[in-house]
Amino acid sequence: MDIKKLEAWYLKNHRKLSFRDTLNPYYIWVSEIMLQQTQVEAVLPYFNKFIQKYPTVEDLSKTTEDILHKDVEGLGYYRRFRNMLKAAIIITEKHHGKFPETYQEVIDLPGIGKYTAGAILSIAYNKPYSALDGNVIRVLSRYLGNDQDMRIEKNKRVLDQANQSYIEQSTPRIYTQAMMELGATVCRPKNPKCEQCPLAEHCFAYNNNSTEQYPVLSKLKDKTEIEYVTLIIHDFDGIYLRKRTEDLLFGMYEYPQYESSSIQQVLTSLEDQGIMLDIISDEESYKHVFTHMIWMMKVYHARLIKKGVNDWQFIHESEINHVPMAIAHRKIIIKL
Ligand code: SF4
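Residues numbered from 1 in each chain as written. Predicted model: local features only at pLDDT ≥ 70, side-chain atom pairs only at ≥ 80, totals over all residues. Heavy atoms only, no water.

Trainee: Looking at this model, I keep getting lost on the nonpolar core. Mind explaining?
Mentor: Across soluble globular proteins, nonpolar side chains show a tendency to be buried alongside one another. Within the largest apolar cluster, 64 residues are counted, with the highest numbers of intra-cluster contacts made by W29 and F50. Top element by residues in this core is helix α8 (residues 114–125). It accounts for 8 residues. Lining this core are residues from two domains, each supplying at least three of them: domain 1 (3–213) and domain 2 (224–330). Those residues in contact with W29 that lie beyond four places of it in its chain are L60, M84, A87, A88, I91, F99, I112, T116 and I120. Core analysis: the second largest hydrophobic core is formed by 28 residues, Y10, L132, V136 and I167 among them. (Core = buried A, V, L, I, M, F, W, Y, C linked by side-chain atoms within 4.5 Å. Buried < 20%, exposed > 50% of the residue type's maximum accessible area, 1.4 Å probe, protein only. Helix = DSSP H or I, 4+ residues; strand = E, 2+ residues; numbered from the N terminus. Domains from an automatic or database assignment. Contact = heavy atoms within 4.5 Å.)

Trainee: What's the story with the site of the ligand in this structure? I'm lost.
Mentor: Inspection of the region around the ligand gives R142, V186, C187, C194, C197, A200, C203, Y206 and T211 as its neighbouring residues. Considering only residue class, the shell around the ligand consists of 7 nonpolar, 1 polar and 1 charged. (Near = heavy atom within 4 Å. Nonpolar A, V, L, I, M, F, W, Y, C, P; charged D, E, K, R; others polar.)

Trainee: Could you clarify how one ought to interpret the pairing of strand β1 (residues 224–235) in this entry?
Mentor: The side chains of a regular strand alternate between both faces of the sheet. Most of β1 sits out of view: 9 of its 12 residues are buried. Examined bridge by bridge, β1 and strand β7 (residues 293–306) share 11 bridges and lie parallel to one another. When the bridges of β7 are listed, E227 appears paired with M296. As judged from the 2 bridges shared by β1 and strand β2 (residues 238–243), these two strands associate in the antiparallel manner. Note that in β2 the partner of D235 across the bridge is G238. If you look at the hairpin formed by β1 and β2, you'll find 2 residues sitting between the two strands, and F236 has a positive phi there, around 50°. (Pairing = 2+ DSSP bridges.)

Trainee: Is there a simple way to think about α8 in this case?
Mentor: Each turn of an α-helix holds 3.6 residues, which means side chains three or four residues apart point in the same direction. Look at α8: 16 Å from first C-alpha to last across 12 residues, which is about the 16 Å you get at 1.5 Å a residue. Extensive coverage of α8 is indicated by the burial of 11 of its 12 residues. Every buried residue of α8 is listed here: Y115, T116, A117, G118, A119, I120, L121, S122, I123, A124 and Y125. Two residues or fewer past α8, N126 is found with a positive phi of approximately 55°. (Expected span 1.5 Å × (residues − 1).)

Trainee: How do you make sense of the pattern of salt bridges when you look at a structure like this?
Mentor: Oppositely charged side chains may form a pair once their charged atoms are brought near each other. This structure, assessed with the given rule, holds 17 salt bridges. The closest approach of N and O atoms between E73 and R330, which form a salt bridge, is 3.0 Å. Note that E73 is positioned in the loop between α5 (65–71) and α6 (79–94) and R330 in helix α14 (residues 327–330), a separation of 257 residues in sequence. Here E73 falls in the buried class, since its relative accessible area comes to 13%. With a closest N to O distance of 2.7 Å, E254 and R242 form a salt bridge. Residue E254 is found in strand β3 (residues 253–254), and its partner R242 is found in strand β2; the two are separated by 12 residues along the sequence. Each member of the pair E254 and R242 is classed as buried. Several salt bridges share partner residues, and in doing so they unite R242, R244, E246, E254 and D311 into one network. (Salt bridge = Lys/Arg side-chain N within 4 Å of Asp/Glu carboxyl O.)

Trainee: I keep staring at the environment of V136 and nothing clicks. Help me out?
Mentor: As for its placement among the helices and strands, V136 is situated in helix α9 (residues 134–144). When residues no more than four places from it in sequence are discounted, the contact partners of V136 are A131, N163, M179 and M180.

Trainee: Honestly, the packing of aromatic side chains in this entry has me stumped. Any pointers?
Mentor: The relation between two aromatic rings is expressed through the spacing of the ring centres and the mutual angle of the planes. In total, this model carries 10 aromatic pairs according to the counting rule given. Note on Y27 and F47: the rings are 6.3 Å apart at their centroids and 85° apart in plane angle, and the pair reads as edge-to-face. Linking Y27 in helix α2 (residues 25–35) with F47 in helix α3 (residues 40–53), this pair joins segments that are 20 residues apart in sequence. A relative accessible area of 3% places F47 in the buried class. Three or more aromatic residues joined by ring pairs form one cluster here, namely Y26, Y27, W29, F47 and F99. (Phe/Tyr/Trp six-rings, centres within 6.5 Å; stacked < 30°, edge-to-face > 60°.)

Trainee: What should I look at first to understand the side chain of T38 in this one?
Mentor: On the secondary structure map, T38 appears in the loop between α2 and α3. Polar side-chain contacts of T38 include one of 3.3 Å to the backbone oxygen of M34. Look past the residues within four positions of T38 in its chain and what remains in contact with it is V43, L75 and R80. (Polar contact = N/O pair within 3.5 Å; in protein donor to acceptor, adjacent residues only side chain to side chain.)

If you want it as structure tokens, here you go:
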């Protein structure tokens, strides 16, 4: 690979992004966690506010899960932020607030996998550790003409080894960022801009007119559709919410909802728990698409007649916008 050309291209052409304009490992860590499964444009406003609110790892370590969930409400995949909080506490207590510098210490932190460790160590500390994400997989599978299924771990490992050997011949902090930037701006999934690419001369896919064939990714299972009855339960000057305990959206608040397509069925089963509701609105339909499932929600407003046994929490109307809530429910418009 013509690494010198790639690095020169990066130095001249990269976008000015606030989280790339730093060698601070804490900032790089925060941005890499936010960028998991999330687009750069969506991350930028969150990142800037986050760093203002928590300028150091120690500041972050003092917050709570609920406050942190609220800070990142809308980004999804909230487990990554709970892990971030756990890691911040470890860095503060075990490493005296200084971000660790060895691969082993970094990868031992909760929520940090091989990619994130490679990104932090190469960008912040200029150490040669491969950071192979989806963008880099696309660039390398095209460049090398690797037609193996990149959903399979052992096939990704082959590219990771290639990436490792390239980074060992480079300036690690520039190489890692150059590959990420190339994947994001030039070697795009559709219509890559090969004529602007510093790797074009030796790129297998470009030279064989087959860029669209890479990377090879086997088809994912169709999304599962789940039907819910979702209840906005009013009582005096507030409503009831439930704090989720399920893996998906753990710790986020939601309107009580039940897997069913029938409000009558839900009301009957709530009565068995001693709960009585008076439905006071027509049905409204909402849909929320996650990566692997779709929630189809029939939403009803109700007034509480009898509380019975439940896991709901009363939230005063002034507090509703301050609790962390999944976007699937935040987007339901309620009138109090
Ligand atoms: S030449 Fe085209 S396909 Fe090959 S790495 Fe560059 S942008 Fe990607």
